[in-house]
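Letter by letter, the chains look like this.
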Amino acid sequence: MPDAQHNPLWWHPVKALAIRPTLRQHGLAILATLATTLGAGISVVTLAFMVEAVSTSAAGAMILVGYVLIFSVAFTWIGHLAGAFVLHAALIRGLGGWGLAMLGGFFIGAVLRPVVGTGLTVGLGPFLAVLQLALLRAIVGRNTQALPRRGTSA
């Protein structure tokens, strides 16, 4: 198997190397995505307090964005669970590209919009889906030959 950097499908919008992530790997990717989102929100709020000395309006906007990221963790896990099914179905067929992840995140966000009660699900969904895909690929690893195939055990 060629190295991921030399593979033309390593970050294609539609196609990807076919992989079969385990339930544990999906769970770790969801937790890592939630932790990354929370960390990004805390970082943006912290940076906003530093920017406040220079521009209060910019700091106010940054605090708003940071709080959206921080509090989104309370609800985005719902979308990440649904996204895991979409990503798994795509990845085993070799269709786990970033474009399809964004499209899936958009549609899952649109479906969950009435449940959560905000349109932010539609806006954040595609980006969080790509983050989940990237973290899942990092957790699974780039060497797909080491993964168990259908009908075999590791």
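Since we're looking at a predicted model, the values are computed, not measured.

About the thresholds
- Residues numbered from 1 in each chain as written.
- Predicted model: local features only at pLDDT ≥ 70, side-chain atom pairs only at ≥ 80, totals over all residues.
- Heavy atoms only, no water.
- Helix = DSSP H or I, 4+ residues; strand = E, 2+ residues; numbered from the N terminus.
- Buried < 20%, exposed > 50% of the residue type's maximum accessible area, 1.4 Å probe, protein only.
- Contact = heavy atoms within 4.5 Å.
- Areas by Shrake-Rupley, 256 points an atom, 1.4 Å probe, with all protein chains shown as cover.
- Expected span 1.5 Å × (residues − 1).
- Bend = angle between axes of the 7 residues up to and from the residue.
- Patch = residues over 30% accessible without salt bridge, like charges linked within 9 Å, V, L, I, M, F, W, Y side chains within 5 Å.
- Salt bridge = Lys/Arg side-chain N within 4 Å of Asp/Glu carboxyl O.
- Core = buried A, V, L, I, M, F, W, Y, C linked by side-chain atoms within 4.5 Å.
- Axes fitted to C-alpha atoms, helices over the stretch in contact; angles between N-to-C directions.
- Parallel < 35°, antiparallel > 145°, perpendicular 65-115°, else oblique.
- Left-handed = near helix turned anticlockwise from the far one by under 90°.

## A short note on the overall build of the protein chain
Helix and strand content of the protein chain: four helices and zero strands. When the elements of the protein chain are put in sequence order from the N terminus, they spell out α-α-α-α. Looking at the 154 residues of the protein chain, the share that counts as buried comes to 34%. Intrachain contacts of the protein chain at a sequence separation of at least 6 include 77% that bridge at least 24 residues. A total of about 8900 Å² of accessible surface is found on the protein chain, and carbon and sulfur atoms cover 73% of it.

## A look at helix 4 (residues 120-140)
The end-to-end C-alpha distance of helix 4, which contains 21 residues, comes to 29 Å, matching closely the 30 Å that a straight helix rising 1.5 Å per residue would cover. By the largest-angle criterion, proline 126 marks the main kink of helix 4, which is about 30°. As for helix 4, its buried residues are in contact with helix 1 (23-51), helix 2 (56-91) and helix 3 (98-116). A positive backbone phi angle near 100° is found at glycine 141, which sits one or two residues after helix 4.

## A look at a nonpolar patch on the surface
On the surface, a nonpolar cluster with roughly 480 Å² of combined accessible area is contributed by Val14, Leu95, Leu100, Leu103, Phe106 and Phe107. Tracing the backbone shows leucine 103 in helix 3.

## A closer look at the nonpolar core
In this structure, Ile19, Ala29, Leu87, Leu91, Ala101, Ala129, Val130, Leu133, Leu136 and Val140 together form the largest nonpolar core, which totals ten residues. Every element with two or more residues in this core is listed here: helix 2 and helix 4. Once you skip the residues sitting within four places of it in the chain, leucine 87 turns out to touch Ala101, Gln132 and Leu133.

## Here's the deal with the packing of helix 2 against helix 3
Put simply, helix 2 and helix 3 touch, their axes get as near as 10 Å, and they point 140° apart. When the axes of helix 2 and helix 3 are compared, the pair comes out oblique. For helix 2 against helix 3, the interelement crossing comes out right-handed. On helix 3, the residues touching Phe75, Ile78, Gly79, Ala82, Gly83, Val86 and Leu87 of helix 2 are Ala101, Ile108, Leu112 and Val116.

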